[in-house]
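Per-entry structural report
One-letter residues, chain by chain:
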Amino acid sequence: MKKNMKYLKCNFSLILSFIFLSMGLQAGEQSAKADDMKTRYNSTSEWREEEDTIEGWDWSLPKWVKPSAKGFMRPDIWTLKENQVFNFQGNHLTEVVVSWRELEPIEGKYRFDVLERRISKALTKNPNTTLLIFIYGSLWKQHFKNGQIKQGNVPEWMAKYPWFKTKVYNWQNTTPLFRLENAEIYVPEFNQRYMKLLRSLGHTGLLKNQHIGPVFIKGVSGSLGEEHGEPSPTSENYKIWLERLDAWFDMMGDDKHKLVGGTTELPWADVISKKGGGTRSGFAEMYLLRMEDETLGQYLDEEGYLCVDESVPIIAEGRYSGDDNEEYIVGKHESRFGPSYHWPHRYHEASLRILQMRRNFVMRYNVSMNLNMANYVSLALGRTVEDTPDIWCYLRKSYLGDEKEKNEPKATRHYERWLYNRDSPGHTPIYSEKIKIPKKPTLWRAWSRNRHPDHYYDYTARKTDIASGNPAISFDVDNRWLSSSQTVYIKITYTDRGKGKIQLEYKDLQDKLHTRFVDCSDSGFIRTATFKVENINFNNQLGSGDNKIDFRILALGEDVTINFVRLVKAIQ
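Residues numbered from 1 in each chain as written. Predicted model: local features only at pLDDT ≥ 70, side-chain atom pairs only at ≥ 80, totals over all residues. Heavy atoms only, no water.

Let us now look at the pattern of salt bridges. Two side chains that carry opposite charge are able to pair once their charged atoms sit near each other. The final tally for this structure, using the stated rule, is 38 salt bridges. Salt-bridge contacts for R48 lead to D58; the nearest nitrogen and oxygen are separated by 2.9 Å. Note that R48 is positioned in the loop between β1 (43-44) and β2 (52-55) and D58 in strand β3 (residues 57-58), a separation of 10 residues in sequence. We classify D58 as buried; its relative accessible area is 3%. The closest approach of N and O atoms between E227 and R280, which form a salt bridge, is 2.5 Å. Of this pair, E227 sits in the loop between β11 (212-216) and α5 (237-252) while R280 sits in strand β13 (residues 278-280); the two residues are 53 residues apart in sequence, bridging distant segments of the chain. (Salt bridge = Lys/Arg side-chain N within 4 Å of Asp/Glu carboxyl O. Helix = DSSP H or I, 4+ residues; strand = E, 2+ residues; numbered from the N terminus. Buried < 20%, exposed > 50% of the residue type's maximum accessible area, 1.4 Å probe, protein only.)

See below:
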């Protein structure tokens, strides 16, 4: 028996040792992955006049660049870590929040002075800010697991009416810390009082303040944001939804363009658009969403390139078009997006997608993930091809699909902002630098949403393929960007693999061919080479017919791997 016990103790010790060793390996592996991901997205925002090659990404802009008058950001400063300092350069957004309960504490007795004081307080704190207005009015009560109840946004006096009804939401069939009890907002008697509130507020003229920007159209939902809740066009409630919408637009008078809906889905978004409103979708963190979205002008062409139809009203008329990029809080968002070591990649993709979609405001933006990129985004929001100081092309690729529908994978290629890459003979590189995506069940399948289940990865670069006769990668500049020849900086972000040469090739206004070089050293790191180019000719000088080539990158000796190319105006 003692011998057996000794045997068991020995084996138990071995088992424990194996467990602790495994835990150490896993922790070490995750730590290594975190270090790799942080290094991958190292960056600078310091502008340099001279040519150079630096480690990491380059988000710098010339000192003359100021934020667009049509671009806004609400930076989440509270996310900053102790050693971080964020010198915000963009146009600031400030939230002003008020509830129906506060505006009409007694039926028929309005307290619009509450909203007036909050607007005044926000502008006293920052006279140059632009205000986002939230008027909440569907949450009745918030029920917590510990039994506590927090009153919501609907006036208490509603409870006296027999027609007043509520519904408890079981949010996404999960068990969160709380559940929401919302009013049934499409009950006619409820809706009549709600519309009267909105129109009465409109008569005060409070919302005509020049500092007021986006005003959010509120509905009802299982989240605290009171978003969505649009009824089916075939339901009886659809008519009531249209009446509510009319009340919102009546409230705004001549400032209808400031209203922002919470959906890009049809037909609801189309109704809001035809009335002159904008949109805020949220969840840029799910950066593969809305790749095919008529409201935002997003579509995939026959070859899978993600394109933008800039003739849609939301872009052509410069209406408010917003998003969020906020969910990066350790200990909170892992259940939705997987391990935090991978978040720098998600942040990078989401930030660039916001700009690819031509968004002009970000309601909530986590700045601590990448200070340099955050400031760049704040300066790039709201730009058009005519006033942007830079253009770029991100050579990425993913595969869209749906786990439930079991459909075939659909490639989506590149994020492009007025700089384009297309394949042609000799210029057909392969996709490379695969980043694997954590595959695990999530709250809303958020991380995997719209991603094909057999393709849990993103390609983040293109690599020349000398062996197949494709040593080059070509680029075409949107002809609207420069009205005349200017000095530009061409910034090539590449993964330093092999020991070949990266050759930049272009022609000048006299049709003379120019070549510039940077040597690779096989370090494996991401680097950015900057070339100062004068008198470059962006008139398809290196292409012919349908093959539009304004400049190209060639591989000499060995294949080269290009992630991102950005052109920056030297002068205003």
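This brings us to the packing of helix α9 (residues 343-356) against helix α10 (residues 371-380). The description of two helices packed together rests on the angle between their axes and the distance between the axes. One can describe the packing of α9 onto α10 by two numbers: an axis separation of 10 Å at closest approach and a directional angle of 10°. Between α9 and α10, the crossing angle belongs to the class labelled roughly parallel. Contact residues: α9 offers Y347, H348, S351, L352 and L355, while α10 offers M373, A374, Y376, V377 and A380. Among the residues forming the contact of α9 with α10, the class breakdown is eight nonpolar, two polar and no charged. (Axes fitted to C-alpha atoms, helices over the stretch in contact; angles between N-to-C directions. Parallel < 35°, antiparallel > 145°, perpendicular 65-115°, else oblique. Contact = heavy atoms within 4.5 Å. Nonpolar A, V, L, I, M, F, W, Y, C, P; charged D, E, K, R; others polar.)

This paragraph deals with the packing of aromatic side chains. Under the defined criterion, the tally for this structure stands at 33 aromatic pairs. Between W47 and Y489 the ring centres are 4.9 Å apart and the planes differ by 80°, which places this aromatic pair in the edge-to-face class. A residue pair is termed long-range when its members are at least 10 positions apart, and W47 in the loop between β1 and β2 and Y489 in strand β24 (residues 488-495) qualify at 442 residues. Take W47: its relative accessible area is 12%, and that puts it in the buried class. By relative accessible area, Y489 is classed as buried at 0%. On the numbers, 5.6 Å between centres and 65° between planes, the contact of Y347 with Y365 is edge-to-face. In this pair, Y347 is assigned in helix α9 and Y365 in strand β17 (residues 361-366), connecting sequence segments 18 residues apart. (Phe/Tyr/Trp six-rings, centres within 6.5 Å; stacked < 30°, edge-to-face > 60°.)

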